Each structure stands twice: as C-alpha cells, then as structure tokens.
Amino acid sequence: MKKVLIAYSTWAGATHEIAEKISKVFQSNSFDTDVAPANECKNIDNYDVILLGTSIHAGQTGKSFRYFIKQNIDILINKPTAIFIVCANMMFDSEENKDETLAWLGKVLGKYDIFNPISIGLFGGVTLTNGEDFNKLNILIRKMITAMNKNMTEKHGKSDFRNWELINTWAEGVIKQLEK
C-alpha cells in the first residue's frame, strides 16, 4: 500500500478541510494517508507520494507551504508530488482567475525549475468563522475573517465556494496518474 502525505498550509481551516476530503478519496482507493500541517512535517522521505496544499491570500501562498518546499525540494523532485490551491480568487472558475492564481503559485515554484508537480488543483475557498484552525488565529485576524464572511454572504449569498465534486474529481485524477 502506497503511503501518502497530505501536508497543508491553512489560515482559518478551509485548506485543512479540503486536505481531509482528499485523504478520504485516497483512502477509498487503498492508499495509506497522513494529513498534517506543513510546518509539522519533519521526515517526509518515508512517503511514496506527497500532496501539498496552501491557501492564497492577497496573492501570497502560506509561509509554511513555501518553507516546506524549500526544506524538502530534494525529496519532492524525486517523488510524485501534487499541489492544491485554495483561494477566494477561484470562487468563479474562469480562465482569467486560473491564470492569476497560477501566477501567484508561480512566484514560489519559479524558484525551483527542477520541481514539476504531477498535478495542480485550483479550488474555491470558504471564509470559516469557527473551528480549531480559526480559533488559533489572533483576535484581529478572526475579526477580519468574520467581516469577510459577512461581506461575501451579502455580496454573493454565500461564503463557501468549495466545489466538493471538483475536489473529488481532482483527487481521483491524481490517483489515476499514480497508477500509470
């Protein structure tokens, strides 16, 4: 059974929740998975496959995402690695939004010409205002996210733009690539 690490960098928890969903898809296809914050992953050499997720805020990937890549680049280039992005920019799945989101990711990956992920998933996010990850944030960030949630709900009628079917389909596509 292949062992998969799903490491993530999250702000209020949306990327964490998506990592857990991806883990379930992999487990249902007979993979052994571990899901953990990227900044807690120390020895990744024992894994056969690496999935790395990050949220993007104001055009910036998570700090622990960037650090994970920097610290583990020699391992990542020698193992099947896929990346998933969770970003409000992807609330609407358009070519313009995809290009812009990929450009933000490119600011990080462009430093590592030898790193070529087998897949990149781009997903809409959610402004979570509760949960373990949200509660770890300082009070000012929590207030800002709560205001964002209210604004999104007033403007769009909702604050959750995750497409679980798209996330599931992406994870299954990564599995198919691994089976080749």
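So, here's what we can say about the structure. (Residues numbered from 1 in each chain as written. Predicted model: local features only at pLDDT ≥ 70, side-chain atom pairs only at ≥ 80, totals over all residues. Heavy atoms only, no water.)

**What to know about the pairing of strand 1 (residues 3–9)**
Convention followed: Here's how the labels work: a residue is buried when its accessible area is under 20% of the maximum for its type, exposed when over 50%, partly exposed in between, all with a 1.4 Å probe on protein chains only. Segments assigned H or I by DSSP are reported as helices when at least four residues long, segments assigned E as strands when at least two residues long, and all are numbered from the N terminus. By this definition, two strands are paired if DSSP reports at least two bridges between them.
A large share of strand 1 lies buried, amounting to 6 of its 7 residues. Sheet analysis places strand 1 next to strand 2 (residues 32–37), joined by 6 bridges and oriented parallel. The partner of Ala7 across the bridge, within strand 2, is Ala36. Of the pairings in the sheet, the one linking strand 1 to strand 3 (residues 49–57) comprises 6 bridges and is parallel in character. Bridge pairing in strand 3 links Tyr8 to Gly53.

**Description of helix 5 (residues 139–156)**
Along an α-helix, residues three or four positions apart point the same way, because every turn accommodates 3.6 residues. Where we set the bar: Residue count minus one, scaled by 1.5 Å, sets the expected span of a helix. Any two residues whose heavy atoms approach within 4.5 Å at even a single point are treated as in contact. Polar contact is the term for a pair of N or O atoms within 3.5 Å; when the atoms are in protein, one must be able to donate a hydrogen and the other to accept it, and sequence-neighboring residues count only if both atoms are side-chain atoms.
Spanning 18 residues, helix 5 covers 25 Å between terminal C-alpha atoms, matching the ideal 26 Å at 1.5 Å per step. Elements that come into contact with the buried residues of helix 5 comprise helix 4 (132–136). The N-cap residue of helix 5 is Asn138: its side-chain oxygen and the backbone nitrogen of Leu140 are 2.9 Å apart. Downstream of helix 5 by one or two residues, Gly157 has phi in the positive range, about 80°.

Just distances and angles here, no functional claims.
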